[in-house]
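Descriptive structure summary
Chain residues, written in single-letter form:
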Amino acid sequence: MPILGTVIALGGLVVADGLRGAAKATKLDEQTLKKLGKAYDKAIEAQRLIKEQEEKADRSLNKVINRKRAILTNTIPEFMNIYEKIQKINFTPGKGIKELEKLSLPVETLGEIKEMAAVVHKTFTNTELFVGLFLLGPAVGGGIGNMMIKDSKRQLAAANTQLRVSETMYSQAETYQVAYDAIIQRAEKIAKILSKLDLLFYRAINTTRDLIETKGYDIDVYNDNELGIMMTCVNMASAVKQYLDVPLLDTNGQVTEASLKAIETGNAYISKIENFINSY
Amino acid sequence: MKDDEIEFTYLKSTADGINSQKFYEPYRQMEENLKNLTVTRGADKGGGFAFEIMDAADHSENLLRMGIENKAEWINNNGPGDVIIKHSNGKVEFIQNKLGYRGTSKYQINVEKYPTDTTFRIDKGNEELYNYLQKRIDKLSEKGIKHNMSVEYSEVTKHEVEIYQKLAKNEVKLMDKLSLANNKKAPITSKLYTASKKLNVAHKTGVSAAKGAAALTAGISMGKHFYELIEGNEDIQQAVTAVLKDTAISAGSAYGISTTLSIATELVANTPVAIAISAKLGGTAFVSIGNVVASMSVAMGPAFIMGLAIGSGITACKLIKRYNELDKDAKRYISIINDLTEEAQVCMELARNGLKETIEEYFKEWDKDCNKGFDMIFTSIYNDDVEGIANGLDLVLRPINGKVAFKSVDNYKRQLTKTLEL
């Protein structure tokens, strides 16, 4: 049953309704602005979080690069120089060494997080305006005042939803943070191990040098203990070389796989939300 | 009725730019003065008085914009000035408004009879009168008469006043026709005009039509009757009657009888989209058709609009049903996003926790192997145990799926004649 507007020639009633509506709507709009502010702050924070981790990861990876280069420039040549006279060496650079030549940071590792989609409040269609303003009376939710409030409520609802979307983006940023943390941890460990091994290697080289200076290059005259020293030096060289060969990023590793999977889970949801927002 | 046939615009009159508020004050006063002005007053049937009132408001607004708080007050008597301004230094400036006075009628103005502090304000663009008055003022100086007289253009044009007058008279005519008391005054027209001036104030202060969260746009296509009226081809009375006849709601005919309709054309300049309902305007809606602005009292709205709607076969019931559907739709949109975000956050947290566990486990094993390996190496170095060193290295290499080269001296010895592959 249509209820025709009660706003007949009672200008005063219309004024009162409009003023009431405007006053309440204004309050709602203030809340809306605050919520939107929070939402956008959160989205920016998410971006910042990832950027920060990316930079930390770069620093850690840089550490590894520098360590590797130092070893390749100093310790390895020294070993080669001394040991080559004992046994022929075939040094084949692995992936982790080859990539040092053309590596540039930052390394594209985990992909970028998307921009947050904007939740737009549904503005009144022409039909809603017509019905709300002209057909329904204030007592049943129509009239200028109520339409203003309704519009403001829709905007507040959209703002609340925007905040939820931004929280979702932030959650994804936290996943990125964990994934980057794994990269950082791995890099730190490799750098530390290389450092320790290099020290041991260097000692072994010195011991080997001393031995050769004493016994000469004819390995046949060496006893088992002395061969043990040579073996240790070679073992050290091999261990260091294996760590040098480890690529900076473990693209096929278990942790990388798990990281990418977790990120993909988040991205799939974010895309779904974005597509829904944009298609409506 | 298709959606795109309905266009309607309204702007919330909230703060509406706090800055605009003080500039509205002269127009509030103007509205009061115009409302109480008898439409047929004066030799030219009220046009001159209307001009005085309108100009006073404009002038006051300009003074305010220049930082001068003194306003131009309309004096409703036959005194030396139509409008006076009391300056803060005690000086009183008299304003004489002159509208039109073209041709021989300008000779009726004798500048000598006015106070020497008189400023003549004339309708905008009235060069003929401007030149005439300036000449007369110059003559005073030539005669040695001390004075501060001057002539200025108002912002108000004759055309604007004429339109206002026409509408005001139409309002009175319509009220008479509908047997409503009016005392020959036109309160609705005064309200409309004031609204249009306020819109201009808002524009000047930088408030655009789209400002504020509540700016919604649409426009209403008025239908044949009103368009013809706006074009000046049909009398208002006939138009109203014709519309009422179209209205299918018999109960709604009460609306038609008890309300009036005002049309204001070309009062709002430069508005690409009309700006409408402000509660302070008593719910008057401006509706646009291209550049022409028409207004109608919202009170009149239901009957008139329903007439159009029903004329096109849409019932109120259908429209209200659709309204409810659209409202649900809007709510559903938000609700779906909320559900998605909730689900997303739960799943993302699960995935993240799973990842953390994997990472923790992985590096735990790494640390275990490496720590044990190095311990073994250092102990073996101390004990001169080369095989112990080899085993230690083996553990250190385990996290990267590596292996020590030689676990025993025998193995090492056996390959000495070959090339060492590193």
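Residues numbered from 1 in each chain as written. Chains lettered and ligands numbered in written order. Predicted model: local features only at pLDDT ≥ 70, side-chain atom pairs only at ≥ 80, totals over all residues. Heavy atoms only, no water.

1. Brief notes about the overall build of chain A
Scanning chain A for helices and strands turns up seven helices and one strand. In sequence order, the secondary structure elements of chain A are arranged as α-α-β-α-α-α-α-α. Residues counted as buried form 52% of the 280 residues belonging to chain A. In chain A, once contacts between residues fewer than 6 apart in sequence are set aside, the share between residues at least 24 apart is 87%. In the structure as shown, chain A presents an accessible area of about 12,900 Å², 53% of it carried by carbon and sulfur atoms. (Helix = DSSP H or I, 4+ residues; strand = E, 2+ residues; numbered from the N terminus. Buried < 20%, exposed > 50% of the residue type's maximum accessible area, 1.4 Å probe, protein only. Contact = heavy atoms within 4.5 Å. Areas by Shrake-Rupley, 256 points an atom, 1.4 Å probe, with all protein chains shown as cover.)

2. Points about the overall build of chain B
Assigned secondary structure in chain B consists of 12 helices and eight strands. Expressed as a percentage of its 422 residues, the buried residues of chain B come to 50%. Of the contacts made within chain B by residues no fewer than 6 positions apart, 63% connect residues no fewer than 24 positions apart. By element, 50% of the accessible surface of chain B is carried by carbon and sulfur atoms, the whole surface being about 20,300 Å².

3. Brief notes about the sheet that holds strand 2 (residues 83-86) of chain B
Residue and element names in this part refer to chain B. Pairing in this open sheet of five strands is mixed, and the strands run 1-2-3-4-5 from one edge to the other. With one partner strand each, in any of the chains shown, strand 1 (72-74) and strand 5 (150-153) form the two edges of the open sheet. Sheet twist, expressed as the mean angle between neighbouring strand axes with direction ignored, is 30°. Relative to strand 4 (residues 118-122), strand 3 (residues 92-98) runs parallel, the two being bridged by five bridges. (Pairing = 2+ DSSP bridges. Axes fitted to C-alpha atoms, helices over the stretch in contact; angles between N-to-C directions.)

4. A short note on the nonpolar core
Taken as a class, soluble globular proteins show a tendency for nonpolar side chains to be buried jointly. In terms of nonpolar packing, the biggest core is built from 101 residues, with Phe79, Tyr83 and Tyr243 of chain A together with Tyr412 of chain B touching the most fellow members. By residue number, the principal contributor to this core is helix 5 (residues 143-215) of chain A, which donates 24 residues. Look past the residues within four positions of Phe79 of chain A in its chain and what remains in contact with it is Glu84, Ile89, Phe201, Ile205, Cys233, Val234 and Ala237 of chain A together with Leu422 of chain B. With 25 residues, the next largest nonpolar core counts Val39, Val83, Leu99 and Ala186 of chain B among its residues. (Core = buried A, V, L, I, M, F, W, Y, C linked by side-chain atoms within 4.5 Å.)

5. Quick look at helix 3 (residues 127-142) of chain B
Taking 1.5 Å of rise per residue, 16 residues should cover 22 Å, and helix 3 of chain B covers 22 Å from first to last C-alpha, within 8% of that figure. Where the residues of helix 3 of chain B are buried, they touch strand 3, strand 4 and strand 5 of chain B. (Expected span 1.5 Å × (residues − 1).)

6. Examining empty space enclosed by the protein
Where empty space is left can be seen by rolling a probe of water-molecule size over the atoms. All names here are of chain A. All chains considered together, the criterion is met by six cavities of 30 Å³ or more. Considered as a void within the structure, the second largest cavity measures approximately 40 Å³ in volume. Glu115, Met116, Ala117, Val165, Thr168, Met169, Ile270, Ile273 and Glu274 together form the lining of the second largest cavity. At the level of elements, helix 5 and helix 7 (254-279) are the ones that each hand at least two residues to the lining of the second largest cavity. Of the residues that constitute the lining of the second largest cavity, the class distribution is six nonpolar, one polar and two charged. (1 Å grid on protein atoms, 1.4 Å probe; cavity = no way out; pocket = protein on both sides within 12 Å on 5 of 7 lines; lining within 4 Å. Points joined across faces, edges and corners; volume = space filled by probe spheres on them. Nonpolar A, V, L, I, M, F, W, Y, C, P; charged D, E, K, R; others polar.)

7. Describing the pattern of salt bridges
In total, this model carries 26 salt bridges over all chains according to the counting rule given. Here Glu128 of chain B makes a salt bridge to Lys106 of chain B, at a shortest N to O gap of 2.7 Å. Of the two residues, Glu128 of chain B sits in helix 3 while Lys106 of chain B sits in the loop between strand 3 and strand 4, which places them 22 residues apart along the sequence. Owing to a relative accessible area of 32%, Glu128 of chain B belongs among the partly exposed residues under this scheme. Residue Lys106 of chain B is classed as buried on the basis of its relative accessible area of 9%. Several salt bridges converge on common partners, so that one network encompasses Lys150 and Arg154 of chain A together with Asp327 and Lys331 of chain B. (Salt bridge = Lys/Arg side-chain N within 4 Å of Asp/Glu carboxyl O.)

8. Remarks on the packing of aromatic side chains
In the structure shown here, the tally under the stated rule is 11 aromatic pairs over all chains. Between Phe79 of chain A and Phe201 of chain A, the ring centres sit 5.5 Å apart and the planes meet at 50°, which makes this aromatic pair tilted. Here Phe79 of chain A is found in helix 2 (residues 75-83), whereas its partner Phe201 of chain A is found in helix 5, with 122 residues between them in sequence. The two residues Phe79 of chain A and Phe201 of chain A agree in class, both being buried. Clustering of aromatic rings is evident, with ring pairs tying together Phe79, Tyr83 and Phe201 of chain A. The ring of Tyr170 of chain A carries Lys42 of chain A above its face, with NZ or CZ at 4.6 Å from the centroid. One cation-aromatic arrangement involves Lys196 of chain A over Phe374 of chain B; the distance from NZ or CZ to the ring centre is 4.7 Å. (Phe/Tyr/Trp six-rings, centres within 6.5 Å; stacked < 30°, edge-to-face > 60°. Lys NZ or Arg CZ within 6 Å of the ring centre and 35° of its normal.)

9. Things to note about the packing of helix 3 (residues 95-102) of chain A against helix 6 (residues 224-245) of chain A
Residue and element names in this part refer to chain A. Where helix 3 contacts helix 6, the two axes come as close as 5 Å, and the packing angle between them is 50°. By the angle between their axes, helix 3 is oblique relative to helix 6. Across from Lys95, Gly96 and Ile97 in helix 3, the residues of helix 6 making contact are Lys241, Leu244 and Asp245. Here the residues of the contact of helix 3 with helix 6 are counted per class, giving two nonpolar, one polar and three charged. (Parallel < 35°, antiparallel > 145°, perpendicular 65-115°, else oblique.)

10. A word on unusual backbone geometry
All names here are of chain B. The backbone phi angle of Asp384 is positive, close to 55°, even though this residue is not glycine. Among the structural elements, Asp384 can be located in the loop between helix 10 (316-382) and helix 11 (386-397). A positive phi angle, near 60°, is found at Asn401, a position not held by glycine. The residue Asn401 is located in the loop between helix 11 and helix 12 (409-414) in this model.

11. Thoughts on helix 3 of chain A
Residues and elements named next belong to chain A. Within helix 3, the full set of buried residues consists of Gly96, Ile97, Glu99 and Leu100. Buried residues of helix 3, viewed axially, fall in a sector of 165°; they line one side. Facing away from the buried surface of helix 3 by more than 90 degrees, the exposed residues are Lys95, Glu101 and Lys102. (Arc of directions from axis to C-beta.)

12. Brief notes about the confidence of the model for chain B
All names here are of chain B. Chain-level statistics for chain B give a pLDDT mean of 68 and a share of 59% at 70 or above. Within chain B, no element has a lower average pLDDT than helix 8 (residues 253-258), which sits at 26, and none a higher one than helix 11, at 96. Per-residue pLDDT stays below 50 along residues 1-18; that stretch engages in 79 contacts with residues further than four places along the chain or on separate chains. Note that residues 205-313 has pLDDT below 50 and, in this model, 249 contacts with residues that lie over four places away or in other chains. In the model output, the complex is listed with pTM 0.57 alongside ipTM 0.86. (pLDDT = per-residue confidence, 0-100.)

13. Some remarks on the environment of Met348 of chain B
Its place among the elements puts Met348 of chain B in helix 10. Residue class for Met348 of chain B comes out buried when judged on its relative accessible area of 1%.

14. Side note on the side chain of Asn97 of chain B
All names here are of chain B. Along the chain, Asn97 falls in strand 3. For Asn97, a relative accessible area of 6% corresponds to the buried category. Within the structure, Asn97 has its side chain in polar contact with the side chain of Asp55 (distance 2.8 Å). Ignoring anything within four residues of it in the chain, the contact list for Asn97 reads Phe51, Glu52, Asp55, Asp82, Val83 and Arg121. (Polar contact = N/O pair within 3.5 Å; in protein donor to acceptor, adjacent residues only side chain to side chain.)

15. Re the environment of Arg136 of chain B
Residues and elements named next belong to chain B. Structurally, the position occupied by Arg136 is in helix 3. A residue is classified by how much of its surface remains accessible, and Arg136, at 28% relative accessible area, is partly exposed. For the pair Arg136 and Val111, spaced 25 residues apart in sequence, the C-alpha separation works out to 6.8 Å. Apart from residues lying up to four places away in sequence, Arg136 is in contact with Ile109, Asn110 and Val111.

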